Amino acid sequence: MGAAEPDLYRDTWVRYLGYANEVGESFRPLVPVPVVWASYGVATAYVTADAIDKGRRAAAAHAQDPAQATRVGVAVVDTFVWQSLASVAIPGFTINRLCAASLALLGTLTRWPLPLRRWATTALGLAAIPVIITPIDRTVDFLMDSSLRKLYGAPGEPPAPH
């Protein structure tokens, strides 16, 4: 019995591309805004590639299934929505607000020079990334299980007939 093939987008270094926007948000105090937006481009490309990959996998797994198009569509939509929320929107917003608040607080509470406050804010944002990942992933799982996934069942399964 052979081991399952590793998922390029979940089990390899490629997964870290999904965190590019969090890194970009952490560096926002130090870099031009177009650099931050480019980091969102990288993360969005990762999300899109993962969704396409899951669609291809669903198509291959259900090649003889008459409901194949539905299964492929569900796999793509589920992956794209989950990744968009868990890898881009929520963590990007979280790191953005954390860094903005820390920069403002450091300006109010310390006499540190602005470059030092900016670097401290960036370090805090980078340090927060591994801390926020699991809670955000679990929250997105719960939100999707409580909403969108009720429309079509488990990922990869066609919607239940009404």
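The coordinates are above.
None of the values given here were measured: they were computed from a predicted structure.

K.L.:
Any chance you could break down the overall build of the protein for me, citing the residues and the numbers?
P.N.:
The helix and strand inventory of the protein stands at 5 helices and 0 strands. Of the regular secondary structure in the protein, the N- to C-terminal order runs α-α-α-α-α. Taking 15 Å as the expected radius of gyration for a compact globule of 162 residues, we find that the protein reaches 19 Å, considerably beyond that expectation. If you line up the protein on its principal axes, its C-alpha atoms span 65 × 35 × 30 Å. Residue pairs in contact within the protein that sit at least 24 positions apart in sequence constitute 71% of those at least 6 positions apart. Summed over all atoms, the accessible surface of the protein reaches about 9400 Å², with 69% contributed by carbon and sulfur. Of the charged side chains in the protein, 14 are positive and 13 negative, and the gap between their average positions amounts to 11 Å.

K.L.:
Would you mind going over a nonpolar patch on the surface in detail, with residue names and values included?
P.N.:
A grouping of Trp13, Tyr16, Leu17 and Val42 is seen on the molecular surface, where their side chains present a nonpolar patch of about 470 Å² in accessible area. Secondary-structure assignment places Leu17 in the segment before helix H1 (20-26). Judged by relative accessible area, which is 35%, Leu17 ranks as partly exposed.

K.L.:
I'd like a description of helix H3 (residues 68-109), backed by residues and values.
P.N.:
Here H3 contains 42 residues, and its C-alpha end-to-end distance of 59 Å stays within 8% of the 62 Å for a straight helix at 1.5 Å per residue. A maximum bend of about 40° is found in H3 at Leu85.

K.L.:
An account of the packing of aromatic side chains is needed here, citing residue identities and associated values.
P.N.:
One pair of aromatic rings is described through two measures. These are the centre distance and the angle between the planes. All told, the structure shown has 3 aromatic pairs when counted by the stated rule. Between Tyr9 and Tyr46 the ring centres are 6.1 Å apart and the planes differ by 55°, which places this aromatic pair in the tilted class. Highlighted residues: Tyr9 in the segment before H1 and Tyr46 in helix H2 (residues 33-61), separated in sequence by 37 residues. Aromatic side chains Trp37 and Tyr40 sit 5.6 Å apart centroid to centroid with 40° between the ring planes, which places their arrangement in the tilted category. Placement of the pair is Trp37 and Tyr40 together in helix H2, with a separation of 3 residues, close to one helical turn. With relative accessibility at 54%, the residue Trp37 sits in the exposed group. On the basis of relative accessibility, which here comes to 15%, the residue Tyr40 falls in the buried class.

K.L.:
Before we move on, can you summarise H2 with the specific residues and values?
P.N.:
The terminal C-alpha atoms of H2, which comprises 29 residues, lie 42 Å apart, in line with the 42 Å expected from a rise of 1.5 Å per residue. Taken residue by residue, H2 has Val36, Ser39, Tyr40, Ala43, Tyr46, Val47, Asp50, Ala51, Asp53, Lys54, Gly55 and Ala58 as its buried positions. Buried residues along H2 sit against H1 and H3.

K.L.:
Can you explain the packing of H3 against helix H4 (residues 114-146)? Please cite residues and give values.
P.N.:
Running from N to C, H3 and H4 cross one another at 145°; their axes reach a closest spacing of 8 Å. H4 is crossed by H3, and the crossing has right-handed handedness. Across the contact of H3 with H4, the residue classes tally to 19 nonpolar, 5 polar and 5 charged.

The rules behind these values
Residues numbered from 1 in each chain as written. Predicted model: local features only at pLDDT ≥ 70, side-chain atom pairs only at ≥ 80, totals over all residues. Heavy atoms only, no water. Helix = DSSP H or I, 4+ residues; strand = E, 2+ residues; numbered from the N terminus. Rg over C-alpha atoms; globule rule 2.2 N^0.38 Å. Contact = heavy atoms within 4.5 Å. Areas by Shrake-Rupley, 256 points an atom, 1.4 Å probe, with all protein chains shown as cover. Lys, Arg positive; Asp, Glu negative; His and termini not counted. Charge placed at Lys NZ, Arg CZ, Asp CG, Glu CD. Patch = residues over 30% accessible without salt bridge, like charges linked within 9 Å, V, L, I, M, F, W, Y side chains within 5 Å. Salt bridge = Lys/Arg side-chain N within 4 Å of Asp/Glu carboxyl O. Buried < 20%, exposed > 50% of the residue type's maximum accessible area, 1.4 Å probe, protein only. Expected span 1.5 Å × (residues − 1). Bend = angle between axes of the 7 residues up to and from the residue. Phe/Tyr/Trp six-rings, centres within 6.5 Å; stacked < 30°, edge-to-face > 60°. Axes fitted to C-alpha atoms, helices over the stretch in contact; angles between N-to-C directions. Left-handed = near helix turned anticlockwise from the far one by under 90°. Nonpolar A, V, L, I, M, F, W, Y, C, P; charged D, E, K, R; others polar.

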